[in-house]
Amino acid sequence: ELYKSNIMLNTSTSEINFDEGRRSATLKTNNNVTMQADHIISAVPSFELAHLLRPHSAELSKQLDEIPFVDMAVINFGYTAKSMKYLQG
């Protein structure tokens, strides 16, 4: 289960070390906090993940570096029903 104490805001991973014997990993954050993880879900661009995994797998890092990407922004607008009637005339 995920608890509030497991969520760290404004934090990035600076290093990942795998423990094959335990099938787990130790993550080190940008503010030198370390934590043990059984599972890691990445939401970073592939080139950033490639940098973190390079010490462990040159081939995987190379493949991750080759994934094309573009910057993207998503903007959502919300209107009241009254506003929409005004816009429609």
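Because the structure is a prediction, the values reported are computed rather than measured.

This next bit is on the sheet that holds strand β3 (residues 34-37). Sheet architecture is open: three strands sit in the order β1-β2-β3, paired in antiparallel fashion. The sheet terminates laterally at β1 (13-19) and β3, the two strands that pair on one side only. Sheet twist, expressed as the mean angle between neighbouring strand axes with direction ignored, is 20°. In terms of strand pairing, β1 meets strand β2 (residues 24-29) through six bridges, oriented antiparallel. For Thr13, the partnering residue across the bridge sits in β2 and is Thr29.

Given 3.6 residues per helical turn, the α-helix brings residues three or four places apart onto the same face. Buried residues of helix α1 (residues 46-53): Ser46, Leu49, Ala50, Leu52 and Leu53, and no others. Buried residues of α1, viewed axially, fall in a sector of 165°; they line one side. On its buried face, α1 sits against β1 and α2 (58-65).

A few words now on the packing of aromatic side chains. Aromatic rings considered in pairs are described by the distance between their centres and by the relative angle of their planes. Within the structure shown, the criterion is met by two aromatic pairs. Measuring from centroid to centroid gives 6.5 Å for Phe77 and Tyr79, while their planes differ by 20°, and the two rings are stacked. With a relative accessible area of 53%, Tyr79 lands in the exposed category.

Conventions and cut-offs
- Residues numbered from 1 in each chain as written.
- Predicted model: local features only at pLDDT ≥ 70, side-chain atom pairs only at ≥ 80, totals over all residues.
- Heavy atoms only, no water.
- Pairing = 2+ DSSP bridges.
- Helix = DSSP H or I, 4+ residues; strand = E, 2+ residues; numbered from the N terminus.
- Axes fitted to C-alpha atoms, helices over the stretch in contact; angles between N-to-C directions.
- Buried < 20%, exposed > 50% of the residue type's maximum accessible area, 1.4 Å probe, protein only.
- Arc of directions from axis to C-beta.
- Contact = heavy atoms within 4.5 Å.
- Phe/Tyr/Trp six-rings, centres within 6.5 Å; stacked < 30°, edge-to-face > 60°.

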